[in-house]
Amino acid sequence: MSAKDLIADHARALLAQPSDLDLWLALCDVLAEAGEDRAATDSYADLGDSAATIGQVALAVACARTLADRGDDKRAAKLIARIAKLHAAGARRVDPDSAATPPAPPGAPGTGTTSDPDASDDAGDGADDALLLARDAIRAARWTATPSSQKKRAPIPLISALEAAELRELCAVMRLCRREPGDVVMDVDQNAAELYWIARGEVEVSRDGKVLGPLFAGAFFGEIALVGGGKRTARVTCTGPVWLIMIPADAVEKVAAKTPRLAEILARYARSRLLANVMQLSELFAALDDDEKQALLPRFETRLVNAGDAILREGEANDTLFVVVSGSVEVTSGGEALASLGTGAVVGEMSLISRQPASANVTAATDTVVLCLGRDDFDELAVRHPSLLAEAYKLLTGRERSRHDAHVYDAETLII
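Here the structure is a predicted model, which is why all the values come from computation and not from measurement.

**So, the overall build of the protein chain**
Within the protein chain, the regular secondary structure consists of 14 helices and 16 strands. Taken across its 416 residues, the protein chain has 51% of its residues classed as buried. Surface exposure of the protein chain reaches about 18000 Å², of which carbon and sulfur atoms provide 50%.

What follows is the structure, given as structure tokens:
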């Protein structure tokens, strides 16, 4: 099939379903592959503008990065500015009281779009019939659901907590990568060095050969990279063509060094994600309701423990509750191995509650991230949330590890 016929086929498909962002993206790619540079750049710009308007922010950022990669820095900057205007902290179209909508699955239709009418109106001047058809299809896509484009939308996790200037700084270090079906994005025990944001497509999360669930467009994963490293705890595989935005942890650190508030927001985001997941895995928090769990989030601190370092020492005083976020720890006493504990495990509760010295050594078997809750905070929360203390006493008298082993994971909050 000729390039002209391929463009025409994709344009007809988009005309038939103008709200399908995947078809629009496919048309952009076909135009680029055919060497129709101007038409392709215009189409990516229009798609990014429309995606920003309807709340598909990851796709909008991906289009901006594509424009930059194609050498159109001016339009890339303009698109990032529009994303910030629509979705950064204080944006008029963001309703902070709205619940976040679930990530959109691949092929989900858009719900509204607007664009700069001057951006591509002349794209078809002198073009052949295929380009004219492509232009008509893109116009139809732009106008599919314009009336709903003014609706207020729920905040985008992480993104809507940033001021416009901070969001632009973060977007500047994002990188776009395309992956094919079957590609492994990350694997168990790999060093965590990047955070990922799915712009389009779907990935599958698995561990020990067991599929834990899918993640769709709009979802973040790999947040363990934001809390000081550690090892990956799951495999992430592309189930189809995927557009991923990769956010390198080292680049984020450099930006955060210049913008302290950005560092604080990123740390808060990573901590809340990690703790929300741990609360699903750990029996200590099983009896808490959602409001009680939410109240706990700000109280915990994140700590990276290097492999071989002690978390607790037998016979020494302890005033901290530890929850393993990633990695694993070994429990020993008198030179005898007692247990190997992983994600979701709680340690230190026995000495914390009994106010007696630690009854065993707890050592990081690998680079391990733990969440820490000091005695004062624990005592205060135990008074306000008696169910937390009740669960801690249950752990004190006997751990119920079978519940952890049988846990059904939710891939959307899985720590990777």
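Now, onward.
**Remarks on unusual backbone geometry**
At D189, a residue that is not glycine, the phi angle is positive and equals roughly 75°. Structurally, the position occupied by D189 is in the loop between β2 (184–186) and β3 (194–200). According to the relative accessible area criterion, D189 is exposed, its value standing at 52%. The phi torsion at D208 lies on the positive side, around 55°, for a residue other than glycine. By the element assignment, D208 lies in the loop between β4 (203–207) and β5 (210–215).

**Concerning the nonpolar core**
In terms of nonpolar packing, the biggest core is built from 66 residues, with I83, W197 and I245 touching the most fellow members. When residues of this core are assigned to their parent elements, the largest contribution, 9 residues, is made by helix α4 (residues 57–69). Not counting residues within four places of it along the chain, the set of residues in contact with I83 comprises A52, V57, A60, V61, A88 and L167. A225, L321, L371 and F378 belong to the second-largest nonpolar core, a separate cluster that totals 21 residues.

**Quick look at the sheet that holds strand β13 (residues 336–341)**
In spatial order, the strands read β10-β15-β12-β13; together these 4 strands make up an open sheet with antiparallel pairing. Across the chains shown, the open sheet's two edge strands, defined by having one partner strand only, are β10 (310–312) and β13. Geometrically, the sheet is characterised by an average inter-axis angle of 30° between neighbouring strands, direction not taken into account. By the bridge criterion, 5 bridges tie strand β12 (residues 329–333) to β13 in an arrangement that is antiparallel. Bridge pairing links V331 to A339 in β13.

**What to know about the sheet that holds β5**
The antiparallel open sheet is built from 4 strands, whose spatial order is β2-β7-β4-β5. Strands with a single pairing partner mark the edges of an open sheet, and in this sheet they are β2 and β5. Within this sheet the neighbouring strands show an average axis-to-axis angle of 30°, counted without direction. Sheet topology places β4 next to β5; 5 bridges connect them, and they run antiparallel. Counted as the bridge partner of S206 is V211 from β5.

**So, the packing of helix α2 (residues 21–33) against helix α6 (residues 129–142)**
Two numbers describe how α2 lies on α6: the axes approach to 11 Å, and their chain directions differ by 150°. When the interaxial angle is binned, α2 and α6 end up roughly antiparallel. As for how α2 packs across α6, the hand of that crossing is left-handed. Seen from α2, the contacting residues are W24, L27 and L31; seen from α6, they are L131, A134, A137, I138, A141 and R142.

**A look at the packing of α4 against helix α5 (residues 73–87)**
Where α4 contacts α5, the axes come no closer than 7 Å and their chain directions differ by 160°. Here α4 lies roughly antiparallel to α5, going by the angle between them. At the point where α4 passes α5, the crossing takes the left-handed sense. Together, V57, A60, V61, C63, A64, L67 and A68 of α4 and D73, R75, A76, L79, I80, I83 and H87 of α5 make up the contact between the two elements.

**Structural notes on the pairing of β3**
With respect to burial, β3 is a largely interior element, 6 of its 7 residues being buried. In this sheet, strand β8 (residues 242–248) lies alongside β3 in antiparallel orientation, the contact comprising 6 bridges. If you follow L195 over to β8, its bridge partner there is I247. Where β3 meets strand β6 (residues 220–221), 2 bridges bridge the pair, whose relative direction is antiparallel. What sits directly across from W197, in β6, is F220.

**Re the state of the cysteines**
Using the criterion set out here, one finds 0 disulfides in the structure. C63 forms no disulfide, and the closest cysteine sulfur to it belongs to C28, at a distance of 6.3 Å. Distance from the sulfur of C238, which forms no disulfide, to the nearest cysteine sulfur (C177) is 8.4 Å.

**Quick notes on the packing of aromatic side chains**
Under the defined criterion, the tally for this structure stands at 3 aromatic pairs. Judged by centre distance (6.4 Å) and plane angle (25°), the rings of Y44 and W243 are stacked. Here Y44 is found in helix α3 (residues 37–54), whereas its partner W243 is found in strand β8, with 199 residues between them in sequence. Under the relative-accessibility criterion, Y44 is labelled buried at 2%.

**What to know about the pairing of β8**
With 7 of 7 residues buried, β8 lies mostly within the body of the structure. Examined bridge by bridge, strand β1 (residues 175–179) and β8 share 5 bridges and lie antiparallel to one another. Along β8, the bridge assignment pairs R175 with M246.

**Points about the pattern of salt bridges**
Evaluation of the coordinates by the stated rule reveals 13 salt bridges. The residue R70 makes a salt bridge to D37 at a minimum N-O spacing of 3.3 Å. Here R70 is found in the loop between α4 and α5, whereas its partner D37 is found in helix α3, with 33 residues between them in sequence. The exposure class assigned to D37 is partly exposed, which follows from its relative accessible area of 46%. Each member of the salt-bridge network shares a partner with another, and the members are D42, D72 and R75.

What counts as what
- Residues numbered from 1 in each chain as written.
- Predicted model: local features only at pLDDT ≥ 70, side-chain atom pairs only at ≥ 80, totals over all residues.
- Heavy atoms only, no water.
- Helix = DSSP H or I, 4+ residues; strand = E, 2+ residues; numbered from the N terminus.
- Buried < 20%, exposed > 50% of the residue type's maximum accessible area, 1.4 Å probe, protein only.
- Areas by Shrake-Rupley, 256 points an atom, 1.4 Å probe, with all protein chains shown as cover.
- Core = buried A, V, L, I, M, F, W, Y, C linked by side-chain atoms within 4.5 Å.
- Contact = heavy atoms within 4.5 Å.
- Pairing = 2+ DSSP bridges.
- Axes fitted to C-alpha atoms, helices over the stretch in contact; angles between N-to-C directions.
- Parallel < 35°, antiparallel > 145°, perpendicular 65-115°, else oblique.
- Left-handed = near helix turned anticlockwise from the far one by under 90°.
- Disulfide = S-S within 2.5 Å.
- Phe/Tyr/Trp six-rings, centres within 6.5 Å; stacked < 30°, edge-to-face > 60°.
- Salt bridge = Lys/Arg side-chain N within 4 Å of Asp/Glu carboxyl O.

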